[in-house]
Amino acid sequence: MVEVQPILSPAELRAKQYMINMVKYASFKPCDMGNGNNIHVTLPKWYDEENFRRGQKYFMDNRFGMLTSNLYGLFTLLADPKGLDVLDSTGRSSTPETAKNRYISTIVHMLSWYEDDLRPGSKSWASLNRVRKMHLNASNGADKKKIGSITQTELALTTFGFMGFALVRPQFLGIQCDNKADREGFIHFWAVIGHMLGVDDEYNMCLFDIETVEIICLIMIRYIFIPIIQLETPKFKEMTSALCKGLSRFMPHMSYDVQMFLVKRIVGVPGYQHNVDLSKETICKQMFNAEELSSANEVVKMLHTNKSDLLKIYDILFRDGIPVTLPKKSVLIEIPANHKDVHNNNLSLKHNDESIEIADKKFHWIMKSTDSSDWKVHLHDGELSVLNKWDQLSVRWLCLTLKWYENSVGRYFCEMGLNAVLFFIRRYYQRNIARKSSK
């Protein structure tokens, strides 16, 4: 049987080739070499100050939604087994206290990039230089422990963690995104930050045009984050629970179950579509042929020989299905009679009846169509009923808050609350620095 090749637009072809290069080549290229003494950040030759400042302003105009997206992005990055092993090897994130110190430091560093002028001697310049050196030290330490160094692939995924959801899922965050130039400035901002943190230009996803960057983000969601966010390995639960407990002093509703529901909701995992407009839910179409998927599978097997659960879930993915956990409770999915695919055919609920147990969960796989029009058929909010009553209330409240952030009154109160949170975060950070200096 001859395989039908999907018809791709020029932007889709660029995004596809980027992802192929990221898997085949970037996965074997370290972020930096040597030691921290030879790290000195520089502005890229293509730096555009006006566009960079526009990106900073776009963040500041949408701080509450942007910082929420960063929290969700952090969870998805921790779901990557390699990145999680590297982070765990530093010994600075596995308890509530150490996680609190690490992630508050991350927040303060990131805010300086958005708030300060980017020039030699500035606070943001010093911050970027320090963070890049810390990444190199963590990479060298992980390499000595046989975990493997931080590669250009990990840096690319980290870029997504900081800007991906804000770019392609703004409707979940209350972000005002009707101005294309603002979004292009935001992308340029992260192209520059990525460069200064060691991302090579050839693997810098934010150097493409906005259409291509959006498609790259959607490919990452379908082929990386939907599968791995569902695994929830013991180490992942330990590290993310420490994160939630550590930050609960500053942020409300930081229970593991609440945050995981919201992360899976924005990623698009079926079962978590509480208060979501399903008519607007899409997923990127099939882009890779059998040979390309097989080639990617070989790389994943080579990089993750000791991660049997990850390999099992990717065995589903590399048959171009999407692995989805079976609902914990019986869920009735109603399909409106007027829901049709792009060929004007009535949609019907279809999934592979096969299932496989991975990490004590049962997965089946869906979606082998090239047009992806039946994606919304699988979406529902049945997983909300699995949570306890208090967590259900927290999820509903946080979803309403982010929706409220779309209007001027809600935005005012959300930003006022955020100002208070950031005040206490900065105060804790400064006191922590003072304590360390006095020892």
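In what follows, the structure referred to is the one given above.
How each quantity is defined
- Residues numbered from 1 in each chain as written.
- Predicted model: local features only at pLDDT ≥ 70, side-chain atom pairs only at ≥ 80, totals over all residues.
- Heavy atoms only, no water.
- Helix = DSSP H or I, 4+ residues; strand = E, 2+ residues; numbered from the N terminus.
- Rg over C-alpha atoms; globule rule 2.2 N^0.38 Å.
- Buried < 20%, exposed > 50% of the residue type's maximum accessible area, 1.4 Å probe, protein only.
- Contact = heavy atoms within 4.5 Å.
- Core = buried A, V, L, I, M, F, W, Y, C linked by side-chain atoms within 4.5 Å.
- Salt bridge = Lys/Arg side-chain N within 4 Å of Asp/Glu carboxyl O.
- 1 Å grid on protein atoms, 1.4 Å probe; cavity = no way out; pocket = protein on both sides within 12 Å on 5 of 7 lines; lining within 4 Å.
- Points joined across faces, edges and corners; volume = space filled by probe spheres on them.
- Nonpolar A, V, L, I, M, F, W, Y, C, P; charged D, E, K, R; others polar.
- Lys, Arg positive; Asp, Glu negative; His and termini not counted.
- Polar contact = N/O pair within 3.5 Å; in protein donor to acceptor, adjacent residues only side chain to side chain.
- Patch = residues over 30% accessible without salt bridge, like charges linked within 9 Å, V, L, I, M, F, W, Y side chains within 5 Å.
- Areas by Shrake-Rupley, 256 points an atom, 1.4 Å probe, with all protein chains shown as cover.
- Pairing = 2+ DSSP bridges.
- Axes fitted to C-alpha atoms, helices over the stretch in contact; angles between N-to-C directions.
- Parallel < 35°, antiparallel > 145°, perpendicular 65-115°, else oblique.
- Left-handed = near helix turned anticlockwise from the far one by under 90°.
- Expected span 1.5 Å × (residues − 1).

S.K.: I'm lost on the overall build of the protein in this one. Help?
M.R.: Looking only at helices and strands, one finds 15 helices and 3 strands in the protein. Scaling as 2.2 N^0.38, a compact globule of 439 residues should have a C-alpha radius of gyration of about 22 Å, and the protein matches this with 21 Å. Principal-axis analysis of the C-alpha atoms places the extent of the protein at approximately 65 × 45 × 45 Å. Relative to its full complement of 439 residues, the protein shows a buried share of 54%. Put simply, of all contacts in the protein between residues at least 6 apart along the chain, 80% involve residues at least 24 apart.

S.K.: Could you clarify how one ought to interpret the nonpolar core in this entry?
M.R.: Note that soluble globular proteins tend to have their nonpolar side chains buried in a common cluster. Among the nonpolar cores identified, the biggest contains 129 residues, and Trp190, Met220 and Val267 are the most heavily contacted of them. At 14 residues, helix H9 (residues 210-229) tops the list of elements feeding residues into this core. Here Trp190 is in contact with Trp113, Tyr114, Phe162, Met163 and Cys206, once residues within four sequence places are set aside. Core analysis: the second largest hydrophobic core is formed by 7 residues, Cys31, Ala138, Ala142 and Leu155 among them.

S.K.: Would you take a moment to explain the pattern of salt bridges for this structure?
M.R.: Side chains that differ in sign of charge can pair as their charged atoms come close. Scanning all chains against the criterion turns up 21 salt bridges. The salt bridge involving Arg53 is made with Asp117; its shortest N-O contact spans 3.1 Å. Of the two residues, Arg53 sits in helix H2 (residues 49-61) while Asp117 sits in the loop between helix H5 (96-115) and helix H6 (123-144), which places them 64 residues apart along the sequence. You can call Arg53 partly exposed: its relative accessible area is 39%. Looking at Asp117, the relative accessible area reads 34%, which means it is partly exposed. Here Lys57 ties to Asp61 by a salt bridge, and the two come within 2.8 Å at their closest N and O atoms. Of this pair, Lys57 and Asp61 both sit in helix H2, 4 residues apart, roughly one helical turn. The network of salt bridges with common partners includes Lys29, Asp200 and Glu202.

S.K.: Could you clarify how one ought to interpret the layout of surface pockets in this entry?
M.R.: Over the atoms, a rolling probe the size of a water molecule traces out where space has been left empty. When its volume is computed, the second largest pocket comes out at roughly 810 Å³. Along the wall of the second largest pocket there are 39 residues; nearest its centre are Val23, Ser27, Val299, Val300 and Leu303. The element contributing the most residues to the lining of the second largest pocket is helix H12 (residues 290-303), with 8 residues. Across the lining of the second largest pocket, the residue classes tally to 21 nonpolar, 9 polar and 9 charged.

S.K.: Got a minute to help me understand the side chain of Arg411 in this structure?
M.R.: Here Arg411 shows up in helix H15 (residues 408-438). With no salt bridge to any partner, buried Arg411 finds its closest opposite charge in Glu415, at an N-O distance of 5.3 Å. From its side chain, Arg411 meets the backbone oxygen of Gly174 in a polar contact 2.8 Å long. Ignoring any residue separated from it by four or fewer positions in sequence, one finds Arg411 in contact with Asp61, Asn62, Gly174, Ile175, Gln176, Trp404 and Tyr405.

S.K.: For this particular structure, what's the right way to read a nonpolar patch on the surface?
M.R.: A cluster of nonpolar side chains, Trp404, Val409, Tyr412, Phe413 and Met416, forms an exposed patch at the surface whose accessible area comes to about 530 Å². Mapping Phe413 onto the fold places it in helix H15.

S.K.: Quick question: what am I supposed to make of the sheet that holds strand S1 (residues 322-325) here?
M.R.: Within a sheet, neighbouring strands are paired by backbone hydrogen bonds and run either parallel or antiparallel to one another. Read from one edge to the other, the open sheet built from 3 strands follows the order S1-S3-S2, with strand pairing classed as antiparallel. The outermost strands of the open sheet, each flanked by one partner alone, are S1 and strand S2 (356-358). Looking at each pair of strands side by side, their axes are set apart by 45° on average, direction ignored. Bridging between S2 and strand S3 (residues 361-366) involves 3 bridges; their strand directions are antiparallel. Bridged to Ile356 within S3 is Phe363.

S.K.: Where do I start with the packing of helix H1 (residues 10-24) against H9 in this structure?
M.R.: Helix-helix packing is described using two parameters, namely the angle between the two axes and the distance between the axes. Taken N-terminus to C-terminus, the directions of H1 and H9 make an angle of 50°; their axes are 8 Å apart at the nearest point. In terms of their interaxial angle, H1 and H9 are classed as oblique. For the pair H1 and H9, the crossing hand works out as right-handed. Contacts between H1 and H9 involve Ala11, Glu12, Arg14, Ala15, Lys16, Tyr18, Met19 and Met22 from the first element and Glu211, Thr212, Ile215, Ile216, Ile219, Met220 and Ile224 from the second.

S.K.: Could you clarify how one ought to interpret helix H14 (residues 389-404) in this entry?
M.R.: A turn of α-helix holds 3.6 residues, and therefore any two residues three or four places apart point the same way. Taking 1.5 Å as the rise per residue, H14 with 16 residues should run 22 Å; its terminal C-alpha atoms sit 22 Å apart, in good agreement. Taken as a whole, H14 has its buried residues at Asp391, Gln392, Ser394, Val395, Leu398, Cys399, Thr401 and Leu402. Contact partners of the buried residues in H14: helix H3 (63-78), helix H11 (256-267) and H15. One side-chain oxygen at the N-terminal end of H14 lies 3.1 Å from the backbone nitrogen of Trp390; it belongs to Asn388.

S.K.: Mind showing me how you'd approach the pairing of S1 here?
M.R.: A regular strand places its side chains on the two faces of the sheet in alternate fashion. Here S1 shows a buried face lined by Ile322 and Val324 and a second buried face lined by Pro323 and Thr325. As defined by bridge partners, S1 adjoins S3 across 4 bridges and the pair is classed as antiparallel. From the neighbouring strand, Thr325 faces S3, where its bridge partner is Phe363.

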